[in-house]
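Coordinates in review
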Amino acid sequence: MIVITSPDEMTRYAESARQSGERIGLVPTMGFLHDGHLTLMREGRRQSSVLVASIFVNPMQFGPGEDFARYPRNFERDCAMLERVPVDVVFAPEPAAMYSTDAQSWVDAGDITSGLCGAHRPGHFRGVTTVVAKLFNIVKPHLAVFGEKDFQQLRAIQKMVRDLNFDVEILPVPIVREKDGLAMSSRNAYLSSTEREDALALSLALRAAREKHRTDPCCAEEVVFAATRVLKRMKGVEIEYVEGVDAETLSRHPSLDRPILIAIAARVGKTRLIDNVVLNP
Ligand code: PAF
């Protein structure tokens, strides 16, 4: 496994791999890896001959007052985990190598980013799609792997790829959960043991939504209400939103004849957590 920090060197490596007929897979991450990331890596490994993992805590997707400075980092541990997959290249640039001081161009995926997390984190998705577009241009992957836990991010990237004709196949991978149901996330590292217990309310709420949808699927509002009721019972959980939207377009007032996404964002202590489930008709 080699570590590359320079974008130009990464591009030279990718161009030469493409000329040799390799199929390049990319798994973009912000590091502090867990089993959820490793599932993405294994999917990328299966489908590519050269697998690149990027580790870059992207300042452009954090708003003022968010956790950019304290976002957990452990590069040595990440590399040891990636070596075991095995990953061929770790691309780990410094922010100054990714953004020149006069950079002013952005990629914005439009309406799909305006609701859900987009409504609560202004500028977040613009930062995500911009860095992912840059990573696609630098790493030149044939395919890129993204987790469904960040469902709106996945849809925004798929939209960007369609709208801007990126020649990259996007592979979505289902959420990986701890044994008790908590969705894996680097931010779970912030939780105290009491908060860790409280955080279970998110997956329990989604379970209640799934059950309501299965047994009594009258309207999306009722399904959302079933989830909200569970969250409200947990004192340590502050709901940011619970919403039911069309799972393709993320538009409001979804029809139960189509897959709907039930998405939750909530604060447990100071930690913002998200989780979701797609319910099929
Ligand atoms: O999901 C993440 O870790 C990040 O948003 C991503 C896709 C690596 C872009 O910085």
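No experiment lies behind these values; they were computed from the predicted model shown.

Structural notes on the pairing of strand 8 (residues 260–268)
Counting buried positions along strand 8 yields eight of nine residues, so the element is predominantly enclosed. One ladder, built from nine bridges, connects strand 7 (residues 237–246) with strand 8; its direction is antiparallel. Of the residues in strand 8, the one forming a bridge with Glu238 is Arg267. Sheet topology places strand 8 next to strand 9 (residues 271–279); nine bridges connect them, and they run antiparallel.

Let's talk about helix 2 (residues 35–47)
Spanning 13 residues, helix 2 covers 19 Å between terminal C-alpha atoms, matching the ideal 18 Å at 1.5 Å per step. Taken residue by residue, helix 2 has Gly36, His37, Leu38, Leu40, Met41, Glu43 and Gly44 as its buried positions. Summarising the contacts, the buried residues of helix 2 are in contact with strand 2 (24–29), strand 3 (50–55), helix 3 (75–84), strand 5 (143–147) and strand 6 (169–173).

What about the packing of helix 1 (residues 7–19) against helix 6 (residues 124–139)?
Where helix 1 contacts helix 6, the two axes come as close as 7 Å, and the packing angle between them is 55 degrees. When the axes of helix 1 and helix 6 are compared, the pair comes out oblique. Residues Pro7, Met10, Thr11 and Ala14 of helix 1 lie in contact with helix 6, whose contacting residues are Asn137, Ile138 and Val139. Here the contact of helix 1 with helix 6 is composed, by residue class, of five nonpolar, two polar and no charged.

The rules behind these values
- Residues numbered from 1 in each chain as written.
- Predicted model: local features only at pLDDT ≥ 70, side-chain atom pairs only at ≥ 80, totals over all residues.
- Heavy atoms only, no water.
- Buried < 20%, exposed > 50% of the residue type's maximum accessible area, 1.4 Å probe, protein only.
- Helix = DSSP H or I, 4+ residues; strand = E, 2+ residues; numbered from the N terminus.
- Pairing = 2+ DSSP bridges.
- Expected span 1.5 Å × (residues − 1).
- Contact = heavy atoms within 4.5 Å.
- Axes fitted to C-alpha atoms, helices over the stretch in contact; angles between N-to-C directions.
- Parallel < 35°, antiparallel > 145°, perpendicular 65-115°, else oblique.
- Nonpolar A, V, L, I, M, F, W, Y, C, P; charged D, E, K, R; others polar.

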